[in-house]
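Structural description and commentary
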Amino acid sequence: MKKLICAGLLLLLTPLAQAAVTDKDLVDDAKTPDNVLTQGMGYDLKRYSPLNKINRETVKRLVPVWSYSMNDDRGQESQPLVVDGVMYVTDHKSTVAINATTGRQVWKHTIQYPPETPRIVCCGILNRGAAVYGDKLYRTTLDASVIALDLKTGAEVWRANAIDWKRGYSMTMPPLIANGVVVTGVSGAEFGIRGFLDGWDPETGRQVWRTYTVPGPGEKGNETWIEDQWAYGGGSTWLIGSYDPQLDLMYWGVGNPSSWNVLRRKGDNLYTCSVIAMRPKTGEIVWHYQFSPNDPYDYDGNNEMVLADLNVDGKPRKVLMHADRNGYFYVIDRTNGQLLRANPFVKKITWADGIDMKTGRPIDSAATKKMRTTGEAVELWPHLLGGKNWMPMSYNPGTGLVYANTLNFGFNYKPVDQSYEQGVFWAGVDLAQKPVPPDGPLGFFKAIDPLTGKSRWEVPLDMPNWAGTLTTAGGLVFTGNLYGEFLAYDASTGKKLWSFQTGSGVIGQPVTWTMNGKQYISVLSGTGGAYVIFSGDPRLASVPKGGSVWTFALK
């Protein structure tokens, strides 16, 4: 009996056997629920699972099976990965490997930062997840480096610095592995950086290519900038892109221009506030579409690019879907960049009167025209945090609906004269202006028809949700709120079916997976994010900090 007990303990403490993650494994991730190998649970970022053991009828039996402490009181926006029974999770300073069914730590790697590093980050000291390929895990760091770790041991294999973080650059996004290349972006548009994407050799960490999102002299698009403004023009790439292996194209969102004051910044300012379609082997830009040319309002363009095949005007089209911070829901032909739909998905938009479907350009409202002409303060909707911020939406092919957490408040925009200074927050607007509250809730959890932008159903929120969403073939959609609840809703009706209090605000990205035929659901808990940092909402004072990973299964 003692021998059996010792053998059992040894099995629990020994890392599980793992095979190298191949290109085919990554391509097939959405169809292989035993593992979660990519951000978004598939290159298409649908965040949809064909699993259905946890469903409308059984979800009431969902209970926690383990919880793991990240030992971190910063915001927890990371998405877990699962490889052959081991879960991998990141925060801003740590990478942990956890036995996925017991919750026991397999290994932990900790980053040692210079003391001053965190002060350079705009909107939360955090990390949104990792990538796996071969026998390595890849992640980014706040001081603008990329690290490769051994999957089995956590030992550091290589480290490559992308750029000097003291110039305003940082990294919080997960890498994307596409066609054998590790692709990373950067944060920092609020500090006047010049944004870019990098391609890295996964074995050695050698830089394969760099593509700037703000083109310099002699590069296509530089004519959309005046004088030398391209050199500190913004265009950060702080969220992961999607990838179509058949077309061999990545689709990456590009962020806001710097500063937000358009009285000092003329032109369309490519490729800020755009989606760019790129070749992962070379970094070549194949096509682009710009959501908000000459953006004054920090509407950005980074929100996820979800890939799907839809019937549009009676024809099957390969599309990407994008809910932009500017309040419009875009459907674009991902083969060539043709705009197919651009409809409001929020209740109030005052910065534009619509999108011209012939040119693809927004039609400036009277308020925006006034601001551009006079520089006077104007009330704009949506707020600079957007109609939807970073929190990833999901798409369920069964219902044909997109599930997203949206925002519902405005702001007063007033440009101010602020000179660029390296490494200093450079907004160029009066940040003392208070948000304009709505006549109603501050946000909605919505099921959106992607071709019309209209809501099939919506759940009003007295405080906005800052978590991602997950939808399944079990007829469910999962998300979390800043009060700490992890929640399950009926994907067809929006009826709340289940909830669990995690102990801190949920701003993570839920995933579901199987082990030995049993379905699990995992999410990170740990309050933070832009709303928590900037809103001053007094209700947040009663929400404890603290990072943890929760995993649930049916009892």
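Rules used throughout
- Residues numbered from 1 in each chain as written.
- Predicted model: local features only at pLDDT ≥ 70, side-chain atom pairs only at ≥ 80, totals over all residues.
- Heavy atoms only, no water.
- 1 Å grid on protein atoms, 1.4 Å probe; cavity = no way out; pocket = protein on both sides within 12 Å on 5 of 7 lines; lining within 4 Å.
- Points joined across faces, edges and corners; volume = space filled by probe spheres on them.
- Nonpolar A, V, L, I, M, F, W, Y, C, P; charged D, E, K, R; others polar.
- Helix = DSSP H or I, 4+ residues; strand = E, 2+ residues; numbered from the N terminus.
- Buried < 20%, exposed > 50% of the residue type's maximum accessible area, 1.4 Å probe, protein only.
- Polar contact = N/O pair within 3.5 Å; in protein donor to acceptor, adjacent residues only side chain to side chain.
- Contact = heavy atoms within 4.5 Å.
- Pairing = 2+ DSSP bridges.
- Axes fitted to C-alpha atoms, helices over the stretch in contact; angles between N-to-C directions.
- Phe/Tyr/Trp six-rings, centres within 6.5 Å; stacked < 30°, edge-to-face > 60°.
- Lys NZ or Arg CZ within 6 Å of the ring centre and 35° of its normal.

For the coordinates displayed, the defined rule picks out three cavities of 30 Å³ or more. The computed volume of the largest cavity comes to approximately 120 Å³. Along the walls of the largest cavity sit Gln39, Leu45, Arg47, Arg128, Pro174, Leu239, Ile240, Glu304, Trp390, Pro392 and Gln509, which together make up its complete lining. Considered class by class, the residues forming the lining of the largest cavity number six nonpolar, two polar and three charged. Roughly 70 Å³ of volume is contained in the second largest cavity. Every residue lining the second largest cavity is listed: Leu26, Leu37, Thr38, Gln39, Tyr43, Ala130, Ala131, Pro175, Leu176, Ile177 and Ile240.

Inspection of the secondary structure puts threonine 140 in strand β8 (residues 136-140). Of the residues examined, threonine 140 reaches a relative accessible area of 0% and is grouped as buried. Reaching out from threonine 140, the side chain makes a polar contact with the backbone oxygen of methionine 173 at a distance of 2.7 Å. Aside from chain neighbours lying at most four places away, what touches threonine 140 is Asn127, Ser145, Met171, Thr172, Met173, Pro175 and Thr184.

For the rest of this paragraph, the subject is the sheet that holds strand β22 (residues 339-344). Judged by pairing direction, the sheet is antiparallel, and its four strands sit side by side in the order β19-β20-β21-β22 without closing on themselves. Edge strands, defined here as strands with exactly one partner in the open sheet, are β19 (306-312) and β22. Across the sheet, the axes of successive neighbouring strands diverge by a mean angle of 30 degrees, strand direction being ignored. Two strands pair when backbone bridges link them, and strand β21 (residues 328-333) and β22 are joined in this way by five bridges, in the antiparallel orientation. Each residue of the ladder has a partner; that of isoleucine 332, found in β22, is leucine 339.

Let us now look at the packing of aromatic side chains. Think of a pair of aromatic rings as described by two things: how far the centres are apart, and how the planes are tilted against each other in angle. Taken as a whole, this structure holds 33 aromatic pairs when the rule is applied. A centroid spacing of 6.0 Å and a plane angle of 50 degrees characterise the contact between tyrosine 88 and tryptophan 107, whose relative ring orientation is tilted. Taken as a pair, tyrosine 88 in strand β4 (residues 86-90) and tryptophan 107 in strand β6 (residues 105-110) lie far apart in primary sequence, 19 residues in all. For the pair formed by tyrosine 88 and tryptophan 107, the shared burial category is buried. Between phenylalanine 486 and tryptophan 498, the aromatic rings sit 5.8 Å apart at their centres with planes inclined by 90 degrees, giving edge-to-face as the arrangement. Taken together, the residues span a long stretch of sequence, with phenylalanine 486 in strand β34 (residues 485-490) and tryptophan 498 in strand β35 (residues 496-501) at a distance of twelve residues. Accessibility expressed as a relative area gives 0% for phenylalanine 486, which makes it buried. Three or more aromatic residues joined by ring pairs form one cluster here, namely Tyr297, Tyr299, Tyr328, Trp351, Phe411 and Tyr413. Positioned above the aromatic ring of tryptophan 390 is the side chain of arginine 128, whose terminal nitrogen or guanidinium carbon lies 5.0 Å from the ring centre.

A separate point is the pairing of strand β9 (residues 145-150). When you tally the buried positions in β9, you get five out of six residues, the bulk of the element. Two successive antiparallel strands, β8 and β9, enclose a turn made up of four residues, where alanine 144 displays a positive phi of approximately 65 degrees.

Looking now at unusual backbone geometry. Residue serine 258 is joined to serine 259 through a cis peptide bond whose omega torsion reads -20 degrees. In this fold, serine 259 is placed in the loop between β16 (249-254) and β17 (274-278). Phi at asparagine 179 is positive, roughly 50 degrees, even though this residue is not glycine. Residue position: asparagine 179 is located in the loop between β11 (176-178) and β12 (181-184). Given the relative accessible area of 28%, asparagine 179 is considered partly exposed. The backbone of aspartate 248 sits at a positive phi, close to 50 degrees, despite the residue not being glycine. Residue placement: aspartate 248 occurs in the loop between β15 (242-244) and β16.

Another point: the sheet that holds strand β2 (residues 62-69). Strand-to-strand pairing in sheets goes through backbone hydrogen bonds, with the strands running parallel or antiparallel. Taken in spatial order, the four strands make up an open sheet running β2-β38-β37-β36, and their pairing is antiparallel. Either end of the sheet is taken by a strand with one partner, and the two such strands are β2 and β36 (511-515). Across this sheet, the average inter-strand angle for adjacent strands is 30 degrees, counted without regard to direction. By the bridge criterion, five bridges tie β36 to strand β37 (residues 518-525) in an arrangement that is antiparallel. Directly across from methionine 515, in β37, lies its bridge partner lysine 518.

Burial within β34 is extensive, with five of its six residues counted as buried. Summarising the sheet, strand β33 (residues 476-480) and β34 pair through five bridges and their orientation is antiparallel. Within β34, the position partnered with threonine 479 by the bridge is leucine 487. Pairing analysis gives five bridges linking β34 to β35, with the strands arranged antiparallel.

Keep in mind that these numbers describe shape and distance, not what the molecule does.
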